[in-house]
Amino acid sequence: MQALSFVSRLLARLCLVVAGLALLAMMGVTIADVLLRLVFRLSGGALNWSVVGSVELVRYLLMFSLLAAMAASVERSQVVVEAFSHGLSPVWKERLGGLFLAGFVVLGAVMAIGLWQEAGVAALRGQVTQDLRLPMAPIYQFGALLCGLLALRSLLHALLGALFATDAGGVHHE
């Protein structure tokens, strides 16, 4: 149990770093774009500076930040409605939570496989982004990696809930 919890916490920290960096980059691009548009307007069009591909950059950075944040907080992100489980013991509630996390394992795996296949197609076709002409394959591959981390962390917490639930509960909330 200790090893699974350690690996999960390590992966969560990695995902939080990725999500944080993507959010900071997204804010930086947005602030720079807004300020440069203001300079353009205040100069009467004399200074035509802009952030090329800002919408495109924000789109992919948002995707990375959301996928990484999902993977980082999978064990804390469920809304629990105790309509059916209020009479269950904490052990069974933890096991039920582990069962629900198995759905996230499937979701993450399906998304990872789909994005990885899309990366292969993009590489074969030489697909690039519309504005910046960046290759799409690495973007899809990084998204697939983040979805794989979602599936892996969900699997770890599903196992923790199914195998190591205690009367005190709290397997998923470290």
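Scroll up to find the structure.
Residues numbered from 1 in each chain as written. Predicted model: local features only at pLDDT ≥ 70, side-chain atom pairs only at ≥ 80, totals over all residues. Heavy atoms only, no water.

*Asks:* Hey, could you run me through the overall build of the chain in this one?
*Replies:* A count of helices and strands for the chain gives four helices and zero strands. Each helix and strand of the chain, ordered N terminal to C terminal, gives the series α-α-α-α. With 174 residues in all, the chain has 34% of them scored as buried. Counting contacts in the chain only where the partners sit at least 6 residues apart, residues at least 24 apart contribute 73% of the total. Looking at the chain as shown, the accessible area adds up to about 10,400 Å², and 71% of this sits on carbon and sulfur atoms. (Helix = DSSP H or I, 4+ residues; strand = E, 2+ residues; numbered from the N terminus. Buried < 20%, exposed > 50% of the residue type's maximum accessible area, 1.4 Å probe, protein only. Contact = heavy atoms within 4.5 Å. Areas by Shrake-Rupley, 256 points an atom, 1.4 Å probe, with all protein chains shown as cover.)

*Asks:* Explain the environment of Cys-15 to me, please; I cannot follow it from the model alone.
*Replies:* The residue Cys-15 is located in helix H1 (residues 2-42) in this model. On the basis of relative accessible area, Cys-15 is assigned to the buried category, the value being 0%. The spatial distance from the C-alpha of Cys-15 to the C-alpha of Ala-69 is 6.5 Å, given a sequence separation of 54 residues. The contacts of Cys-15, once residues within four sequence positions are left out, are Ala-68, Ala-71, Ala-72 and Leu-149.

*Asks:* Before we go on, may I ask you to explain the packing of aromatic side chains in this structure?
*Replies:* Within the structure shown, the criterion is met by one aromatic pair. Relative to Phe-142, the ring of Phe-64 has its centre 4.8 Å away and its plane inclined at 85 degrees; by these criteria the two rings are edge-to-face. Within this pair, whereas Phe-64 is found in helix H2 (residues 54-72), its partner Phe-142 is found in helix H4 (residues 136-163), the two being separated by 78 residues in sequence. Since its relative accessible area comes to 13%, Phe-64 is described here as buried. In this structure, Arg-59 is placed above the aromatic ring of Tyr-60, and the distance from its NZ or CZ to the ring centre is 5.8 Å. (Phe/Tyr/Trp six-rings, centres within 6.5 Å; stacked < 30°, edge-to-face > 60°. Lys NZ or Arg CZ within 6 Å of the ring centre and 35° of its normal.)

*Asks:* What is the right way to look at unusual backbone geometry in this model?
*Replies:* Phi is mostly negative for residues that are not glycine, and the peptide bonds are mostly trans. One non-glycine residue, Arg-133, lies in the positive phi region at around 60 degrees. Residue position: Arg-133 is located in the loop between helix H3 (90-125) and H4.

*Asks:* I'm lost on the environment of Val-106 in this one. Help?
*Replies:* As for its placement among the helices and strands, Val-106 is situated in helix H3. Owing to a relative accessible area of 51%, Val-106 belongs among the exposed residues under this scheme. Remark: the alpha-carbon pair of Val-106 and Ala-151, spanning 45 residues in sequence, is separated by 6.9 Å.

*Asks:* For this particular structure, what's the right way to read a nonpolar patch on the surface?
*Replies:* A contiguous nonpolar surface patch, about 810 Å² in accessible area, is contributed by Val-17, Leu-21, Leu-24, Met-27, Ile-31, Leu-35, Leu-38 and Leu-42. Tracing the chain through its elements places Leu-24 in helix H1. According to the relative accessible area criterion, Leu-24 is exposed, its value standing at 56%. (Patch = residues over 30% accessible without salt bridge, like charges linked within 9 Å, V, L, I, M, F, W, Y side chains within 5 Å. Salt bridge = Lys/Arg side-chain N within 4 Å of Asp/Glu carboxyl O.)

*Asks:* Sorry, what's going on with the pattern of salt bridges here?
*Replies:* A side chain of one charge can pair with a side chain of the opposite charge if their charged atoms are brought near each other. Evaluated as defined, the whole model comprises two salt bridges. Measuring nitrogen to oxygen at the nearest pair gives 3.2 Å for the salt bridge that ties Asp-33 to Arg-37. In this pair, Asp-33 and Arg-37 are both assigned in helix H1, four residues apart and thus about one turn of the helix distant. For Asp-33, a relative accessible area of 10% gives the class buried. With a shortest N-O distance of 2.9 Å, Glu-75 and Arg-153 are connected by a salt bridge. Within this pair, whereas Glu-75 is found in the loop between H2 and H3, its partner Arg-153 is found in helix H4, the two being separated by 78 residues in sequence.

*Asks:* Hey, could you run me through H1 in this one?
*Replies:* Along its 41 residues, H1 runs 59 Å from first to last C-alpha, staying within 8% of the 60 Å computed at 1.5 Å per residue. Inspection of H1 places Ser-5, Ser-8, Leu-11, Ala-12, Cys-15, Val-18, Ala-19, Ala-22, Met-26, Val-29 and Asp-33 among the buried residues, and these make up the whole buried set. In the core, the buried residues of H1 are packed alongside H2 and H4. (Expected span 1.5 Å × (residues − 1).)

So yeah, pure geometry; function would need other evidence.
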